[in-house]
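# Topology and contacts: notes
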Amino acid sequence: MSSQHHPHYFKPEWIENDPRELWADVVIYGGTAAGVVAAKALAERGRSVLILNPAQVLGGMTTGGLGWTDFGKKGVIGGMSRRFYEDLGAHYGLEGPAWTFEPKAAQAVIDCYASNARITVLHRQFLKRVELDAGKIVAVEMLGGLLARGRYFMDCTYEGDLLGKAGVSYTVGREANRVYGETINGVQIRPKHQFSHPVDPYVIPGDPKSGTLPWVYEGETAPEGSGDHKIQAYNFRVCMTDDPELKVDWVQPEGFRELDHELARRWFNTETDDYNAHLPNGKNDDLPEPESILRKFDVMEVRTKNGYLKTDTNNHGPVSTDFIGANYAWPEASYAQREVMFQEHYTYIMGHFWFMANDPSIPEVYRKGYARFGLPKDEFPLTGHWPHQLYVREARRMVGDYVLNEKDTQHHRQPEDPIAMGSYAMDSHNCQRFVRNGCVTNEGDVQLKPAAPYGVSYRSIVPARGQCPNLFVPVCLSASHIAYGSVRMEPVFMAIGESAAVAADLALETDSDVQDLDYSALKARLESVGQVLTYQVAVGEATTD
């Protein structure tokens, strides 16, 4: 990769002196798909919108490689979120929605959504401070000096930077089960994405004095169900191809350390197909053997012009692309500190692909499987064909008057003021690796389906009463760690983004604090745009499509 195309999260030279003062009805910080959908919905209602986007392009994970949609129950994806997937289908000439798609296709649709004359988009804008008056946001200032004023504000980042600087209550990490009466929050040691047989954790096998391998911690972890500051691992959702005309081979990244991949070497030299036979997703005949290892090279329905494959490649198994334990500081880190972690994740994950495809110690069948694929030349032109967005699975989570938790997903309760629905499994990736009985053990992976699609409360997307009366938070919403693992899916974020926009339009119309909005009026408007707010599950009906 040439240096000018190397992927970055933040570079000081991006910050240019900009003394402008701008104004909009609604100022959105964060150019995720939720932010763009919210902006489009507001613009269609005649409102002016300013998107201040820290990234180089719009769309977040939706344009950043997550082309294998985590939809849960498709029937509860309504409104503009549903329209997005239908517009992707139209992009490909399909009659219905496209649930798998290339990053460049998603980028084309998202950019079209933001092209409304009432929407102003500024990229590489990093929040410096928030100006408050009696708890209300008056303006936000960017690094570089740009000042943005508005009547209402919306935090659509994955990190919750705006809500944090606005003084809104939030949490980071995992709650203990006792906090909300849950059963699968906090520390969890479970069999999926776990080592099925002993793997030595020490630099010199069998010698504890040599120290543990990188990112493996010595000693027992806290009791199961206890809370901590740890969060589920991040990775990149890497779009790959096996088309020889498009394929860019893996490279050994600058800063590569072989020791970082010693755990992969040990696992892949002892892995057996028997271990993976029970894992989900079924056999994919497009993939070379051993299919079990390449199971999350999820193949798009669309092919390259030469008939070859494209993938959305995710983490799978005990050692894969999740950089477990390397992200704890991310949620509250400075932008410069995040750039360091971003590069660490790039180096580790690109290094993993290169190592798996090239190191002679990796069994040949795995080397061939990884070497078959590479980065596609027709994706991510600004970042050397590598995804521009780190998969920030969770960071800050607002603590509002209604905290979505396991009780909601299991239908032990439902909110009286739903503004969207979630339906995906409570999905937490592993949060740490530690030594247990002399072996490496993963901890934190949880996958449990909801009892049925569940409502997301309006109170979960606005600050608690008495805090910041003109802020909406569609992404880092009020939810426990384990419930956030379900609601954090891109279709849901887009649905919540539209609902937040409809609520902001109503608030502008009535000059209301966000906490005082008339829900009955909001509900009528949401239903008029096709949002799905309730769901009647039939006896014996599966909760995922």
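From a predicted model like this one, the values you see are computed outputs, not experimental measurements. (Residues numbered from 1 in each chain as written. Predicted model: local features only at pLDDT ≥ 70, side-chain atom pairs only at ≥ 80, totals over all residues. Heavy atoms only, no water.)

### Considerations on the overall build of the chain
A tally of helices and strands in the chain yields 13 helices and 20 strands. Dimensions of the chain, computed from the C-alpha atoms along their principal axes, are close to 65 × 50 × 45 Å. Taking all contacts inside the chain whose residues are at least 6 apart in sequence as the whole, residues at least 24 apart take part in 76%. Just so you have it, the chain exposes about 19600 Å², and 49% of that area is on carbon and sulfur atoms. The centroid of the 53 positive side-chain charges in the chain is displaced by 1 Å from the centroid of its 72 negative side-chain charges. (Helix = DSSP H or I, 4+ residues; strand = E, 2+ residues; numbered from the N terminus. Contact = heavy atoms within 4.5 Å. Areas by Shrake-Rupley, 256 points an atom, 1.4 Å probe, with all protein chains shown as cover. Lys, Arg positive; Asp, Glu negative; His and termini not counted. Charge placed at Lys NZ, Arg CZ, Asp CG, Glu CD.)

### A closer look at the pairing of strand S6 (residues 147-155)
Burial within S6 is extensive, with 7 of its 9 residues counted as buried. Note: strand S1 (residues 21-29) against S6, 8 bridges, orientation parallel. Residue pairing across strands places Glu21 opposite Leu147, the latter belonging to S6. Relative to S6, strand S5 (residues 136-142) runs antiparallel, the two sharing 3 bridges. Bridging from a neighbouring strand, Ala139 pairs with Arg149 of S6. Between S5 and S6, which follow one another and run antiparallel, lie 4 residues, and Gly144 among them has a positive phi close to 110°. One ladder, built from 2 bridges, connects S6 with strand S20 (residues 471-472); its direction is parallel. What sits directly across from Phe153, in S20, is Leu471. (Buried < 20%, exposed > 50% of the residue type's maximum accessible area, 1.4 Å probe, protein only. Pairing = 2+ DSSP bridges.)

### Considering the sheet that holds strand S11 (residues 310-313)
What the 3 strands build is an open sheet, ordered S8-S11-S10; its pairing is antiparallel. Lying at the two open borders of the sheet, with one neighbouring strand each, are strand S8 (238-241) and strand S10 (297-299). For this sheet, the mean inter-axis angle between neighbouring strands, taken without regard to orientation, is 35°. As paired elements, S8 and S11 share 4 bridges and run antiparallel to each other. Counted as the bridge partner of Cys239 is Asp312 from S11. (Axes fitted to C-alpha atoms, helices over the stretch in contact; angles between N-to-C directions.)

### Observations regarding the packing of helix H2 (residues 79-91) against helix H12 (residues 490-510)
Orientation of H2 relative to H12, taken along the N-to-C sense of each, is 130°, at an axis distance of 7 Å. Our classification of the angle between H2 and H12 gives oblique. Side by side, H2 and H12 meet where Gly79, Met80, Ser81, Phe84 and Tyr85 of the first sit next to Glu490, Pro491, Met494, Ala495 and Glu498 of the second. Along the lines of polarity and charge, the residues of the contact of H2 with H12 split into 6 nonpolar, 2 polar and 2 charged. (Parallel < 35°, antiparallel > 145°, perpendicular 65-115°, else oblique. Nonpolar A, V, L, I, M, F, W, Y, C, P; charged D, E, K, R; others polar.)

### Examining the packing of aromatic side chains
Inspection of the entire model under this criterion finds 30 aromatic pairs. Both rings, one in Tyr85 and one in Trp99, keep their centres 4.8 Å apart while their planes meet at 25°; by these two values the pair is stacked. Pair noted here: Tyr85 is in helix H2 and Trp99 is in the loop between H2 and helix H3 (103-113), with a separation of 14 residues, a long-range link. In terms of burial, Tyr85 and Trp99 fall into one category: buried. Residues Phe353 and Tyr370 carry aromatic rings whose centres are separated by 6.3 Å and whose planes lie at 40° to one another, so their mutual orientation is tilted. Of the two residues, Phe353 is situated in helix H8 (residues 335-358) and Tyr370 in helix H9 (residues 364-371); the sequence distance between them amounts to 17 residues. Accessibility expressed as a relative area gives 1% for Phe353, which makes it buried. By way of ring pairs, the aromatic residues Tyr9, Phe10, Trp14, Phe126, Tyr234, Phe236, Trp330, Tyr335, Phe342, Tyr346 and Trp386 are connected into one cluster. In this structure, Arg396 packs its charged tip against the face of Tyr170, placed 5.1 Å from the ring centre. (Phe/Tyr/Trp six-rings, centres within 6.5 Å; stacked < 30°, edge-to-face > 60°. Lys NZ or Arg CZ within 6 Å of the ring centre and 35° of its normal.)

### Observations concerning the nonpolar core
Membership of the largest hydrophobic core comes to 147 residues, with the highest contact counts inside it found for Val140 and Trp250. A per-element tally of this core places H12 first, with 13 residues. Leaving out residues up to four positions away in the same chain, Trp250 has contacts with Val238, Met240, Met350, Phe353, Trp354, Ala357, Tyr370, Phe373, Gly374, Leu375 and Trp386. (Core = buried A, V, L, I, M, F, W, Y, C linked by side-chain atoms within 4.5 Å.)

### What about the pairing of S1?
Two elements, S1 and strand S2 (residues 49-53), share 4 bridges in a ladder whose sense is parallel. Across the sheet, Val26 pairs through a bridge with Val49, a residue of S2. Considered for its hand, the β-α-β crossover made up of S1, helix H1 (residues 33-44) and S2 is right-handed. (Right-handed = clockwise from strand over helix to strand, strands pointing away.)

### Observations regarding unusual backbone geometry
Unusually for a residue other than glycine, Arg124 sits at a positive phi of about 55°. As for its placement among the helices and strands, Arg124 is situated in the loop between strand S3 (119-123) and strand S4 (127-133). Given a relative accessible area of 31%, Arg124 falls into the partly exposed group.

### Some thoughts on H3
Those residues of H3 lying buried are Pro103, Ala105, Ala106, Gln107, Val109, Ile110 and Tyr113. Turning to H3, the residues buried within the fold contact H1, H2, S3 and S8.

### Examining the confidence of the model for the chain
Where the model shows low pLDDT, its predicted coordinates should not be examined in detail. Averaged over the chain, the pLDDT score is 94; the fraction of residues at 70 or greater is 93%. In the model, residues 274-284 has pLDDT below 50 throughout and makes 24 contacts with residues more than four positions away in sequence or in other chains. Below a pLDDT of 50 lies the segment residues 287-291, which in the model reaches 16 contacts outside its immediate sequence neighbourhood of four places, other chains included. (pLDDT = per-residue confidence, 0-100.)

### Here's the deal with empty space enclosed by the protein
Within the structure shown, the criterion is met by 5 cavities of 30 Å³ or more. Quantified by volume, the largest cavity comes out at close to 310 Å³. Lining the largest cavity are 22 residues, and of these Tyr9, Asn53, Pro54, Ala55 and Gln389 sit closest to its centre. Classifying every residue of the lining of the largest cavity by side-chain character gives 10 nonpolar, 10 polar and 2 charged. (1 Å grid on protein atoms, 1.4 Å probe; cavity = no way out; pocket = protein on both sides within 12 Å on 5 of 7 lines; lining within 4 Å. Points joined across faces, edges and corners; volume = space filled by probe spheres on them.)

### A word on the pattern of salt bridges
Applying the stated rule across the entire model yields 38 salt bridges. In this structure, the salt-bridge partner of Lys104 is Asp378, at a minimum N-O distance of 2.7 Å. Of this pair, Lys104 sits in helix H3 while Asp378 sits in the loop between strand S12 (375-376) and strand S13 (397-398); the two residues are 274 residues apart in sequence, bridging distant segments of the chain. Taking the relative accessible area as the measure of exposure, Asp378 reaches 26% and is therefore partly exposed. Counted as one network, the salt bridges with shared partners bring together Asp200, Glu258, Glu262, Arg265, Arg266 and Asp359. (Salt bridge = Lys/Arg side-chain N within 4 Å of Asp/Glu carboxyl O.)

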